[in-house]
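# Commentary on secondary and tertiary structure
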Amino acid sequence: MARINDNYLKLKAGYLFPEIGRRVKAFAAANPGAQIIRLGIGDVTRPLAPAVLKAFHDAVDDLGTSDRFAGYGPEQGYDWLSQVIIDKSYKPLGVELKASEMFISDGSKCDCANILDIFALDNVVAIGDPVYPVYNDTNVMVGRTGEADAKGYYKGIVYMPFTEENNFVPDLPKEKVDIIYLCFPNNPTGTVASKDELKKWVDYANANDAIIFFDAAYEAFITTPGIPHSIYEIEGAKKCAIEFRSFSKTAGFTGVRCGLVVVPEELMGTTASGEKYSFNKLWNRRTTTKFNGASYPVQKAAAAVYSDEGWKQTKEIIDYYMDNARIIREGLKAAGITCYGGVDAPYIWLKTPEGLSSWDFFDKLLSECHVVGTPGSGFGPSGEGYFRLSAFGDKEKVVEAVERIKKKWGK
Ligand code: MLT
């Protein structure tokens, strides 16, 4: 009989969002009249920008013609897409990249997981707590960890608490680590790091031959001037950082699927015998072997995000969500609930009222207000006592959810 990958058995619970989905489904079945408002998973609700939709349609039509038909594209993505992202999104930040350093994919979740293929198992990994669960669970799956302890910390991973005390920017690890996951604007706390704060990490990585995995999935939601949108805005970052970006939240592509990874050519690791080797070459090798590229219409739609019209419309949608974030933030504050984030990110991280545990608050919010959110403890032990609300809902529903919360908890 074939042996399973036993590492999967170390994983504690089911993946967070399906677990929430199961509980909400059970509640809805038992309470058919409840008008449930979903502010849990960060899934977008606005339709695609019209210019993006048109490009998508046109590209599908191309596939129906013999002269514009597209078969296999480059595994790394079409140059016309990489180049427009570089020109429109990186150059204005003062970041120069080559198209050969950018790999277009079918989404950032897969990229964050797949990147582990090109790193040796004995690298020591540092992960935030709370954190986007994919970083933690994929390291467990590949066998980089031992079992989890009673709190949920896996042996072998260095956890970096994101707390009120450190202003949700973790301290540098005391031990030497080889890979550091950073996500800013942060999921789940909705907080950001300044250039000076990121510089500390880049300097640490360069001094310790470590690599930073920088998840910039929410960069388009930054509103505060001067907050870095890319790790490459920090001097020295091309020598130590891989950046992940996503069209999911930026352009409403959660169902369309498109993301990208930047692996600079100067980024080096060492072989078992101590020679330097390029991570860009390895990722290219991995990509050409295991992936056949994001689909042609999806890449055309993604390129249209950066047309003048496409970006104007996309930005309006981003502003819509950020107005939701403001409504949630201000409403919670008016109800006397302490909260963070929601200024440069579409997530609001609140301290549960009455000292409730994250899951108790989840149950109470669902059963008494019919509002769904995400328990902070689902993102890691340091998230206990916190709760995340997403700003990606429909505005009317967001307003209604805030009213229900104010009615229940407001003084
Ligand atoms: C979230 O809610 O944290 C995200 O939607 C998850 C994801 O992007 O995969």
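Residues numbered from 1 in each chain as written. Predicted model: local features only at pLDDT ≥ 70, side-chain atom pairs only at ≥ 80, totals over all residues. Heavy atoms only, no water.

### Concerning the site of the ligand
By nearness alone, every residue bordering the ligand is listed as F17, I41, G42, Y132, N187, Y218, K249, Y347 and R388. The backbone of G42 places a nitrogen or oxygen atom 2.6 Å from an oxygen atom of the ligand. Here an oxygen atom of the ligand and a side-chain polar atom of Y132 are 2.6 Å apart. Here the ligand loses 86% of its free accessible area of 270 Å² to cover by the protein chains. Both domain 1 (8-47 + 309-409) and domain 2 (52-306) contribute no fewer than three residues apiece to the shell around the ligand. (Near = heavy atom within 4 Å. Polar contact = N/O pair within 3.5 Å; in protein donor to acceptor, adjacent residues only side chain to side chain. Areas by Shrake-Rupley, 256 points an atom, 1.4 Å probe, with all protein chains shown as cover. Domains from an automatic or database assignment.)

### So, the UniProt feature "domain: Aminotransferase class I/classII large" (unreviewed entry) in the protein chain
When the UniProt feature table is mapped onto this chain, "domain: Aminotransferase class I/classII large" (unreviewed entry) is found at residues 35-405. As annotated, residues 35-405 has a helix share of 34% and a strand share of 16%, and its two end C-alpha atoms lie 14 Å apart. (UniProt positions renumbered as here; feature names shortened; annotations may be inferred. Helix = DSSP H or I, 4+ residues; strand = E, 2+ residues; numbered from the N terminus.)

### Details of the side chain of R245
On the secondary structure map, R245 appears in strand 7 (residues 241-246). Reaching out from R245, the side chain makes a polar contact with the side chain of S89 at a distance of 2.7 Å. A distance of 3.3 Å separates a polar atom in the side chain of R245 from a polar atom in the side chain of E243. Once residues within four sequence positions are removed from consideration, R245 is found in contact with S89, Y90, L93, S108, A216, E219, H229, S230, G259 and L260. (Contact = heavy atoms within 4.5 Å.)

### Some words on the domain arrangement of the protein chain
The domain boundaries assigned to the protein chain delineate domain 1 (8-47 + 309-409) and domain 2 (52-306). On a C-alpha basis, the centroid separation for the pair domain 1 and domain 2 is 25 Å. Each partner contributes to the interface: domain 1 provides 36 residues, whereas domain 2 provides 44 residues. Around 3,300 Å² of area is buried between domain 1 and domain 2 when both sides are counted, 61% of it from carbon and sulfur atoms. Interface area lost by domain 1 to domain 2 is led by K10, Y15 and D344, which between them contribute 21%. Taken together, domain 1 and domain 2 are joined by one salt bridge. Here E164 ties to K351 by a salt bridge, and the two come within 2.9 Å at their closest N and O atoms. The interface formed by domain 1 and domain 2 contains 16 residue pairs in polar contact (both at pLDDT 80 or more). Sorting the residues of the side of domain 1 that touches domain 2 by element identifies helix 9 (308-334), strand 11 (339-341), strand 12 (347-351) and strand 15 (386-390) as the ones contributing at least two each. When residues of the side of domain 1 that touches domain 2 are assigned to their parent elements, the largest contribution, six residues, is made by helix 9. Tallied by class, residues from the side of domain 1 that touches domain 2 come to 19 nonpolar, 11 polar and six charged. (Buried area = accessible area lost by both parts, 1.4 Å probe. Salt bridge = Lys/Arg side-chain N within 4 Å of Asp/Glu carboxyl O. Nonpolar A, V, L, I, M, F, W, Y, C, P; charged D, E, K, R; others polar.)

### Details of the pattern of salt bridges
A full pass over the atoms with the stated rule returns 27 salt bridges. Notably, a salt bridge pairs R68 with D62, separated by 2.5 Å at the nearest N-O pair. A relative accessible area of 41% places R68 in the partly exposed class. When the shortest N-O distance is used, the salt bridge between E243 and R245 registers 3.3 Å. Of the two residues, E243 and R245, both sit in the buried class. When salt bridges that share partners are traced, they join E19, R22, R23 and D363 into one network. (Buried < 20%, exposed > 50% of the residue type's maximum accessible area, 1.4 Å probe, protein only.)

### Section: the pairing of strand 15
Judged by how many residues are buried, strand 15 sits mostly within the fold: five of five residues are covered. Here strand 15 shows a buried face lined by Y386, R388 and S390 and a second buried face lined by F387 and L389. Relative to strand 15, strand 12 is paired through five bridges, and the arrangement is antiparallel. Pairing of L350 across the sheet is with F387, part of strand 15. (Pairing = 2+ DSSP bridges.)

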